[in-house]
Amino acid sequence: MTRLVTTAGPASHRFDALTAEHMRAGGSWKWSTPGEWHGPDGRHGLIGAFVAEMDYPVAEAVADAVRACAEGSRFGYLPDAWVADMAAACAAFWGERFGWAPDPARVRPVPDVLTAFTATVRHFSRPGSAIVLPTPAYMPFLTVPGMIDRELVQTPMPWVGGRFVLDLDAIDRAFAAGAGLLVLTNPHNPTGRVFSDAELAEVTEVVERHGARVFADEIHAPLTFGGARHRPYAATSDAAAAHTVTATSASKAWNTPGLKCGQVILSNEADAAHWAATGYLAEHGTATPGVLATTAAYREGGAWLDEVLAYLEGNRALLAGTDLPGLDVIVPDGTYLAWLDARGLGLGEPPSAFFAREAGVVMTDGAACGEAGRGGVRLNLAMARPVLAEALDRLRAALRA
Ligand SMILES: Cc1ncc(COP(=O)(O)O)c(C=O)c1O
């Protein structure tokens, strides 16, 4: 196999040493699923590139915080002071990185963004109203509404000028037909879009026209590349602040989804009061070690995050410089998830199945992201660069066979 090289990033980085064998031995979901494909002990040599986790060891500050929990037996229920400290650290990080520091009193703990989503649907959208979801989308947003007895309206994102965009007319029609809440994921998984201020302003106009609400999923906020910069939706205008519940977490940028700590950010007085009255159950599942690790990530994890962002820039450059014949490739502006459109290949089967079998690379099938994603695959770039080079090599070989 030809080894690909990239000119981006340092010639050798500590993450380069994280081999596929090392990752398989770690036993993560990403590197062991589907079990029957990997074979006993990862015998089949598959490369795990689906679920949105990074292969990099966590920041020392995060590891220290978890160790301190074990050493100090900090596994009890959450004290208010630790919640307040986490909220202050989160608000300061947001202020520094995104130019908008929410009031720490309005930053509340939840175990994860999906819990924030179900709580927002239940308590902040008109009872029984449908949920509007631009697709392709993060997969659980397609299935969770039905589980909480809500209808889902997909608004497929048209492909315009080499990128996916929001279909505002379709969103407008969905609201006109009675939908009550828009899921606005930004940076966007799986298209890698970071929406512009102009696009966000158009969303506000449509939402305001119908007195609807927005669930702003900003879990990937710190993960932007090139010239792209995250703009919190609730910070774009008073109107947006008034109709939005924001959810985020340190879990994508610092790779800690198993620590179970996310944040809901309320951006107006009425919502803050309503959350105080209704948010208890959603908050209850938040993990105490997760809150302490999250505080450490936001407060002390900036240098680690910058190192990861620089490394991911190199991985993006590697993807951008790789010829994958027959695929339309989206190098993400935000998130570490790339989109490979395989519709031109006429495969006659889901592309994820083709690439897992023929290339040994396990990716998320686009159809799981909604009808608009059918024919595409989502490739997780957050691996050691030599492993990514091998994955791309294998994809290219499969395409040429
Ligand atoms: C856009 C988006 N939202 C939500 C989630 C899930 O987050 P959590 O584990 O906090 O529920 C993910 C995970 O990949 C995601 O990419």
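Attention in this report is confined to the structure presented alongside it. (Residues numbered from 1 in each chain as written. Predicted model: local features only at pLDDT ≥ 70, side-chain atom pairs only at ≥ 80, totals over all residues. Heavy atoms only, no water.)

1. Some points on helix 3 (residues 60-71)
Test applied: Strands here mean DSSP runs of E at least two residues long; helices mean DSSP runs of H or I at least four residues long; both are numbered from the N terminus. A helix is expected to span 1.5 Å multiplied by its residue count minus one. Burial here depends on accessible area, computed with a 1.4 Å probe over protein chains only, as a share of the maximum for the residue type. Under 20% is buried, over 50% is exposed, and the range in between is partly exposed. Contacts between residues were defined by any pair of non-hydrogen atoms, one from each residue, lying within 4.5 Å.
In this model, helix 3 (12 residues) spans 16 Å end to end at C-alpha, consistent with the 16 Å of a helix rising 1.5 Å per residue. Here helix 3 has its buried residues at A61, V62, A63, A65 and C69. On its buried face, helix 3 sits against helix 12 (288-300). In the stretch just after helix 3, S73 is the one whose phi turns positive, near 50°.

2. Thoughts on the pairing of strand 15 (residues 376-380)
Looking down a regular strand, the side chains alternate between one sheet face and the other. Stated formally: Whether two strands pair depends on DSSP finding at least two bridges between them.
Across the five residues that make up strand 15, a large majority, five, are buried. Here strand 15 shows two buried faces, one formed by G376, R378 and N380 and the other by V377 and L379. With five bridges connecting them, strand 12 (residues 337-341) and strand 15 associate as antiparallel partners. Looking across to strand 15, one finds that L337 is bridged to N380.

3. Some details on the nonpolar core
Selection criterion: As used in this record, nonpolar core signifies buried Ala, Val, Leu, Ile, Met, Phe, Trp, Tyr and Cys residues forming a set joined through side-chain atoms within 4.5 Å. An automatic or database domain assignment supplies the residue ranges for each domain.
Judged by nonpolar contacts, the single largest core of 68 residues is most densely connected at Y56, W94, W254, L312, M363, L379 and L395. Counting contributing residues per domain, this core is built from domain 1 (14-55 + 303-400) and domain 2 (61-300), each supplying no fewer than three. Excluding its chain neighbours within four sequence positions, the residues that come into contact with M363 are A49, F50, L340, S352, F355, V377, R378, L379 and L395.

4. Here we look at the environment of P222
Here P222 is to be found in the loop between strand 8 (213-217) and helix 9 (238-243). Sequence separation between P222 and A253 is 31 residues; the distance between their C-alpha atoms is 6.2 Å. Excluding anything up to four places from it in sequence, P222 contacts F93, F98, A253, L305 and L309.

5. Points about the site of the ligand
Operational definition: The near set for a molecule or strand comprises every residue that places at least one heavy atom within 4 Å of it. The definition of a polar contact used here is a pair of N or O atoms within 3.5 Å, where within protein one atom must be able to donate a hydrogen and the other to accept one, and adjacent residues in sequence count solely through side-chain atom pairs. Throughout, the Shrake-Rupley method with a 1.4 Å probe supplies accessible areas, and for residues the shown protein chains are the sole cover considered. Only Asp, Glu, Lys and Arg are considered charged, only Ala, Val, Leu, Ile, Met, Phe, Trp, Tyr, Cys and Pro nonpolar, and every remaining residue, Gly among them, polar.
Inspection of the region around the ligand gives A52, D112, V113, L114, Y138, T185, N189, D217, I219, H220 and K252 as its neighbouring residues. One of the side-chain nitrogen or oxygen atoms of H220 is found 2.8 Å away from an oxygen atom of the ligand. If the ligand stood free it would expose 400 Å²; the protein chains cover 92% of that surface. Residues of the shell around the ligand, tallied by class, amount to five nonpolar, three polar and three charged.

6. A look at the pairing of strand 12
Strand 12 sits mainly inside the fold: five of its five residues count as buried. Going residue by residue along strand 12, you find L337, W339 and D341 tucked away on one face and A338 and L340 tucked away on the opposite face as well. Judged from the three bridges that link them, strand 11 (residues 328-330) and strand 12 form a sheet pairing that is antiparallel. Of the residues in strand 12, the one forming a bridge with D328 is D341. What sits between strand 11 and strand 12 in their antiparallel hairpin is a turn of six residues, with T335 showing a positive phi close to 75°.

7. Digging into the sheet that holds strand 15
Pairing in this open sheet of four strands is antiparallel, and the strands run 11-12-15-14 from one edge to the other. Of all strands in the sheet, those bounded by a partner on one side alone are strand 11 and strand 14 (364-365).

8. Overview of the sheet that holds strand 9 (residues 244-249)
The test is simple: The convention used is that axes are lines fitted to C-alpha atoms, helices contributing only their stretch in contact, and that angles between N-to-C directions extend from 0 to 180 degrees.
If you trace the seven strands from one edge of the open sheet to the other, you get 2-10-9-8-7-3-4, paired in mixed fashion. Strands with a single pairing partner mark the edges of an open sheet, and in this sheet they are strand 2 (107-110) and strand 4 (152-156). Direction aside, the axes of adjacent strands within the sheet are offset by 25° on average. Where strand 7 (residues 181-185) and strand 8 come together, five bridges link them in parallel fashion. Along strand 8, the bridge assignment pairs L182 with V214. Contacting strand 7 and strand 8, helix 8 (residues 197-209) runs over the sheet at an angle of about 170° to strand 7.

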